There are 2 protein chains.
Amino acid sequence: MTFKIGLLGFGVVGTGTAKILLDPFGRHPVLKEITIGRVGVRSLDKPREIELSPQLLTTDLESIVTDPEIDIIVELLGGLEPARSLILKAIASGKHVVTANKAVIARFGDEIYAKANEKGVYVLLEAAVGGGIPVIKPLKQSLGANRISSIMGIVNGTTNYILTEMSQKGADFSEVLAKAQELGYAEADPTADVDGFDAADKIAILASLGFGGRVKREDVYCEGIRQVSAVDIAYADRLGFVIKLLAIAKDTVKEDSDTLELRVHPTLVPKTHPLANANGVYNAILVEGEPLGQVMFYGPGAGSGPTASAVVSDVMNIVGILKSSGKTKELDPLLSCIHQHYCQIAPMEDLSTRFYARFLCRDVPGVIGHLGMAFGDHGVSLESVVQIGIRGDLAEIVVVTHDVREGNFRNALAAIESLEAIDSIPSILRVL
Amino acid sequence: MTFKIGLLGFGVVGTGTAKILLDPFGRHPVLKEITIGRVGVRSLDKPREIELSPQLLTTDLESIVTDPEIDIIVELLGGLEPARSLILKAIASGKHVVTANKAVIARFGDEIYAKANEKGVYVLLEAAVGGGIPVIKPLKQSLGANRISSIMGIVNGTTNYILTEMSQKGADFSEVLAKAQELGYAEADPTADVDGFDAADKIAILASLGFGGRVKREDVYCEGIRQVSAVDIAYADRLGFVIKLLAIAKDTVKEDSDTLELRVHPTLVPKTHPLANANGVYNAILVEGEPLGQVMFYGPGAGSGPTASAVVSDVMNIVGILKSSGKTKELDPLLSCIHQHYCQIAPMEDLSTRFYARFLCRDVPGVIGHLGMAFGDHGVSLESVVQIGIRGDLAEIVVVTHDVREGNFRNALAAIESLEAIDSIPSILRVL
Ligand SMILES: NC(=O)c1ccc[n+]([C@@H]2O[C@H](COP(=O)([O-])OP(=O)(O)OC[C@H]3O[C@@H](n4cnc5c(N)ncnc54)[C@H](OP(=O)(O)O)[C@@H]3O)[C@@H](O)[C@H]2O)c1
Ligand SMILES: NC(=O)c1ccc[n+]([C@@H]2O[C@H](COP(=O)([O-])OP(=O)(O)OC[C@H]3O[C@@H](n4cnc5c(N)ncnc54)[C@H](OP(=O)(O)O)[C@@H]3O)[C@@H](O)[C@H]2O)c1
């Protein structure tokens, strides 16, 4: 038997995907049964790293998703449109879909999975989170016996590269960003990465899989890494932490109901924590559940080859199902999306976490007392108060709190900002 | 629909499995469709942590594997017999099988999978390697697009606990082993763990999955941790290494054919290596392939809850297939075993690796020259020669080599042993 795939997009990941499919020797034997039927691109004249027979290439992507010869559509266009519409049309034509597009799934997953269920087709997305790291399928297929309590991870390679470089070289954000852009690790418009939006797409997807409910992308609280400075990285280091952009989904059982914390922000991670050692463009995702405890998945979070490995594994998965079951009665509940309800998301004020804050102030002896009082008044207890440096004629004080309600901490900060002796509060970061 | 499982064994893992199945709330909804049909044990009178209705329990295990009401047999007995025969009978009766038994699969996998393929049933074994860590299914289902070049890992929690304790407390092997036995982390007869046999079972299984061929268990070279001393751990530390019991399967392309290195031994691992941070009873498995690069799976390698998580995930997997495909045409090639040939294993003499060796010697100035000459004569080049301590009236010299052929290194050692100035060679360890 052979199975034909229709590739939408032939860029970084599309090319990596074709490379694997065109060179199956030494890989899983089922790959020999998969061929590339059509390839959709924007421009037919662009020079390509791989020579495909010209009649495979087309700019008419609709004709691919409706082609009766094609069994599986692989969407590697990126962006919201035409990706969303083409995925929906492919489903409507009864095709299974593989996508690496976290942006589309995080925003239109409900619509896409509802249609896929109606039509009895699979929409697989291993490559959308963690690049080459198997994490979506393990969450769906291997961890479902557990009550998941948290999923947290480093899911954006660009920001992890930047933070790692800043920490190893003592360099500042803008300097490292410029270098990352030169090396191709960051895009010309770096917003999606450095402002945390890409990580937010990914944690929305992971949360939905792990917690068995739909998640609205706009419910993810999102802070990027622009405000992280070399100064804070150095202080964190002295206190035993590294700073990582973490994406976090966490079950918090409140009096009456299950709610989910859902957030992306730079975080002080203890150096002994498993996530602390994922550096550079590597990603790592830690899942915690009962009775499992903690498991971590670590590997290359992006790049042509690793991402293509995940894409092709999804294609093989569908081919395995087609070969074994022929016509399916219903979708496998471990591979399809069966969520009906939306997860309830806890407001950020209710979050309970530790904080790191850095203050610039005049009159040090006085100010420590005032800080302590202001925090105390708002129920914030301090783990440590350290006066570390002098910046011009101002003293720098770093505070780490115990677990506090975020709302209380914000109120305390408002009071502190109005203190005579406080010049400014250059950094506020959460601590794991 | 409900699906009935027959549990063979109701010990540590069997009890954990029942706990999950009897308390499905908050887990994957498919669990509500799975019930425990029968439970086979050795003794009906033993007090049990979980009360089961007495008519579920039986000592007649054959009647379970042939029971027409049972869809899936879950083998959690341990040991070779009656586990092997019962698995074969279950298959002969057309039942799918889930097992946590690495010993049986590593030795009788060929026989078991041949019968399973004939009968068109699945034999899943996620719990057999890495306890609760999803690693078997990811290898089969998510990494098959790659040409795997190596699989290496810390796959035995007992020895990792012992080595971690030795390194953190500076304690000696026998002392820590006694403590581990007291805590229940090591068995009364610790041979299977400390001599590396359990790790050898596991790497035989992983190699077979990753490299797509059958592996004979007796082909795994196996050295345990009894000879690792606190002294070597301390020297390794000063040289930038931790000592771990690694199980390694590695593709080595020789002139004419693909051969596999297959070995378990204590290894000096650079502190910056991802595997270096897996401590205590945690396991970690690193897989390398093209185009993926490196991915690592980390988590609890044993214990009732984590192992049961893996067992139940396999059961859910089969139930998902039964629900979706009904009668299968053929087995899914990603979930079944399709190996025909045996992997060719490279002899240990041909292994190319770095070595660490510790010598006790008289007459230090002379001996360093002699050592260098003896190594040089056998084509062994040295990365470092360090005289570190004095032990009684003997000097202690530690040598780390560059990559050498193991055969050459052994020949050099034979020559060195006969040197007048050499008292003894207390340790020889491989370096990653
Ligand atoms: N790159 C990574 O490391 C990585 C990692 C994980 C996930 N992903 C995801 O994978 C997807 C693809 O990323 P990529 O890096 O491969 O993107 P890319 O290099 O920009 O390639 C996009 C491809 O899609 C084609 N395309 C885009 N819009 C089109 C349109 N309207 N009509 C026809 N063709 C169109 C382009 O055609 P032309 O070639 O003619 O321009 C190009 O071949 C994205 O969803 C991305 O988020 C990427
Ligand atoms: N424990 C772990 O952390 C772990 C981790 C990974 C994999 N595993 C694997 O899981 C399997 C089970 O391990 P375990 O720790 O659960 O073992 P266990 O606690 O010793 O339990 C074994 C169970 O099997 C029953 N049994 C043994 N031989 C029998 C026989 N001949 N006839 C009838 N019943 C028999 C025993 O019955 P009674 O209760 O009546 O004595 C007991 O219920 C093994 O293959 C092991 O390698 C264990």
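Residues numbered from 1 in each chain as written. Chains lettered and ligands numbered in written order. Predicted model: local features only at pLDDT ≥ 70, side-chain atom pairs only at ≥ 80, totals over all residues. Heavy atoms only, no water.

> Looking at this structure, I do not really get the UniProt feature "binding site: NADPH" (unreviewed entry) in chain A. What am I missing?
Residue and element names in this part refer to chain A. Listed under "binding site: NADPH" (unreviewed entry) in the UniProt record, and renumbered for this structure, are Lys-102. The residue Lys-102 is located in helix α4 (residues 102-119) in this model. Owing to a relative accessible area of 24%, Lys-102 belongs among the partly exposed residues under this scheme. If near-sequence neighbours (up to four positions away) are discounted, Lys-102 is found in contact with Ala-128, Asp-198, Asp-201, Lys-202 and Ile-205. (UniProt positions renumbered as here; feature names shortened; annotations may be inferred. Helix = DSSP H or I, 4+ residues; strand = E, 2+ residues; numbered from the N terminus. Buried < 20%, exposed > 50% of the residue type's maximum accessible area, 1.4 Å probe, protein only. Contact = heavy atoms within 4.5 Å.)

> Just to check I follow, could you spell out the site of ligand 2 for this structure?
Residues and elements named next belong to chain B. Looking at ligand 2, there are 22 residues lining it, with Phe-10, Ser-43, Lys-46, Arg-48 and Gly-303 nearest. Within the contact set of ligand 2, an oxygen atom lies 2.9 Å away from a backbone nitrogen or oxygen of Val-12. A distance of 2.6 Å is found between an oxygen atom of ligand 2 and a side-chain nitrogen or oxygen belonging to Arg-48. Calculation on ligand 2 without its partners gives an accessible area of 900 Å², and the protein chains cover 78% of this total. Here the residues of the shell around ligand 2 are counted per class, giving 11 nonpolar, seven polar and four charged. (Near = heavy atom within 4 Å. Polar contact = N/O pair within 3.5 Å; in protein donor to acceptor, adjacent residues only side chain to side chain. Areas by Shrake-Rupley, 256 points an atom, 1.4 Å probe, with all protein chains shown as cover. Nonpolar A, V, L, I, M, F, W, Y, C, P; charged D, E, K, R; others polar.)

> I would appreciate a short explanation of the domain arrangement of chain A in the present structure.
Interfaces are frequently sized by the accessible area removed from exposure as the parts join. All names here are of chain A. Looking at the assigned domains, one finds that chain A contains domain 1 (3-131 + 304-336), domain 2 (135-300) and domain 3 (349-431). Its C-alpha centre places domain 2 at a distance of 25 Å from the equivalent point of domain 3. The partner domain 3 presents 17 residues to the 19 residues of domain 2 that form the contact. Counting every contact that joins domain 2 to domain 3 gives two salt bridges. A salt bridge links Glu-223 to Arg-430, with the shortest nitrogen-to-oxygen separation between them at 3.2 Å. There are eight residue pairs in polar contact (both at pLDDT 80 or more) connecting domain 2 and domain 3. For the side of domain 2 that touches domain 3, the leading source of residues is strand β10 (residues 258-270), giving six residues. When its residues are assigned to classes, the side of domain 2 that touches domain 3 shows nine nonpolar, four polar and six charged. (Domains from an automatic or database assignment. Salt bridge = Lys/Arg side-chain N within 4 Å of Asp/Glu carboxyl O.)

> What should I look at first to understand the sheet that holds strand β1 (residues 3-8) of chain A in this one?
The pairing of strands in a sheet happens through backbone hydrogen bonds and is either parallel or antiparallel. Residues and elements named next belong to chain A. Here we have six strands laid out as an open sheet, ordered β3-β2-β1-β4-β5-β6, and parallel in their pairing. Of all strands in the sheet, those with a lone pairing partner are β3 (57-58) and β6 (123-124), marking the two edges. In terms of strand pairing, strand β4 (residues 72-75) meets strand β5 (residues 96-99) through four bridges, oriented parallel. Bridge pairing links Ile-72 to His-96 in β5. Each of β1, β4, β5 and β6 is contacted by helix α3 (residues 83-92), which is oriented at about 155 degrees to β5, the strand it contacts most. Its contacts with the sheet place helix α11 (residues 304-325) against β1, β2 (34-40), β4, β5 and β6, and it is angled at close to 160 degrees to β5. (Pairing = 2+ DSSP bridges. Axes fitted to C-alpha atoms, helices over the stretch in contact; angles between N-to-C directions.)

> Teacher, can you tell me more about the interface of chain B and chain A here?
Taken together, the contacts link 58 residues of chain B with 58 residues of chain A. Between chain B and chain A, roughly 4,700 Å² of surface is buried when both sides are summed, and carbon and sulfur atoms account for 57% of that area. Remark: the boundary between chain B and chain A carries four salt bridges. Residues Glu-290 of chain B and Arg-27 of chain A are paired through a salt bridge, measuring 2.9 Å at the closest nitrogen-oxygen approach. Summed over the shared surface of chain B and chain A, the number is 20 residue pairs in polar contact (both at pLDDT 80 or more). Mapped onto the side of chain B that touches chain A, the elements with two or more residues apiece are α5 (136-142), β11 (282-290), β12 (293-300) and α11 (304-325) of chain B. Considering every element that reaches the side of chain B that touches chain A, the biggest residue donor is α11 of chain B, with 13 residues. Across three bridges, strand β12 (residues 293-300) of chain A lies against β12 of chain B in antiparallel orientation. The residue bridging Tyr-298 of chain A from the neighbouring strand is Met-296 of chain B, located in β12 of chain B. (Buried area = accessible area lost by both parts, 1.4 Å probe.)

> Help me understand the sheet that holds strand β6 (residues 123-124) of chain B in this model?
Residue and element names in this part refer to chain B. The six strands are arranged β3-β2-β1-β4-β5-β6 in an open sheet whose pairing can be described as parallel. Each edge of the open sheet carries a strand with a single partner, namely β3 (57-58) and β6. In terms of strand pairing, strand β5 (residues 96-99) meets β6 through two bridges, oriented parallel. In the strand pairing of β6, Val-97 is matched with Val-123. On the sheet, helix α3 (residues 83-92) packs against β1 (3-8), β4 (72-75), β5 and β6 and is oriented at approximately 155 degrees with respect to β5. Contacts from α11 reach β1, β2 (34-40), β4, β5 and β6, with the element oriented near 160 degrees to β5.

> I'm lost on the relation of the copies chain B and chain A in this one. Help?
Put simply, the second copy of the chain is the first one after a rotation about an axis and a shift along it. Once turned by 180 degrees and shifted 0.0 Å along the axis, chain B lies on chain A with an RMSD of 0.0 Å. These values place the two chain copies in the arrangement generated by a two-fold rotation axis. Comparing interface residues between copies, 100% of those in chain B also lie at the interface in chain A; the contact surface is shared. (Least-squares fit on C-alpha atoms with pLDDT ≥ 70 in both.)

> Sorry, what's going on with the packing of helix α6 (residues 157-169) of chain A against helix α7 (residues 173-183) of chain A here?
When two helices pack together, their arrangement is captured by the angle between the axes and the distance separating the axes. All names here are of chain A. α7 packs onto α6 with a crossing angle of 125 degrees between their chain directions and a minimal axis gap of 9 Å. Between α6 and α7, the interaxial angle falls into the category oblique. Taken as a pair, α6 and α7 cross one another with a handedness that is right-handed. Of α7, the residues touching α6 (which contributes Tyr-161, Ile-162, Glu-165, Met-166 and Lys-169) are Phe-173, Val-176, Leu-177, Lys-179, Ala-180 and Leu-183. (Parallel < 35°, antiparallel > 145°, perpendicular 65-115°, else oblique. Left-handed = near helix turned anticlockwise from the far one by under 90°.)

> Sorry if this is basic, but what is going on with the packing of helix α1 (residues 12-21) of chain A against α11 of chain A here?
Residue and element names in this part refer to chain A. The geometry of α1 relative to α11 is characterised by a closest axis approach of 8 Å and an angle of 65 degrees between their N-to-C directions. Here α1 runs over α11; the crossing is right-handed. Residue-level contacts link Val-12, Val-13, Gly-16, Thr-17, Ile-20 and Leu-21 of α1 to Ser-304, Thr-307, Ala-308, Ser-309, Val-311 and Val-312 of α11. Split by residue class, the contact of α1 with α11 holds seven nonpolar, five polar and no charged.

> In this structure, what is going on with the pairing of β1 of chain B? I would like to understand it.
In the case of a regular strand, side chains alternate between the two sheet surfaces. Residues and elements named next belong to chain B. With respect to burial, β1 is a largely interior element, five of its six residues being buried. Each parallel crossover has a hand, and for β1 linked through helix α1 (residues 12-21) to β2 it is right-handed. By the bridge criterion, four bridges tie β1 to β4 in an arrangement that is parallel. Counterpart to Ile-5 in the pairing with β4 is Ile-72. (Right-handed = clockwise from strand over helix to strand, strands pointing away.)

> Looking at this structure, I do not really get the site of ligand 1. What am I missing?
All names here are of chain A. Near ligand 1 lie 22 residues; those nearest to it are Phe-10, Val-13, Lys-46, Arg-48 and Gly-303. Here an oxygen atom of ligand 1 and a backbone polar atom of Ser-43 are 2.8 Å apart. The contact in question runs from an oxygen atom of ligand 1 to an N or O atom on the side chain of Lys-46, over 2.6 Å. In terms of residue class, the shell around ligand 1 is built from 11 nonpolar, seven polar and four charged.

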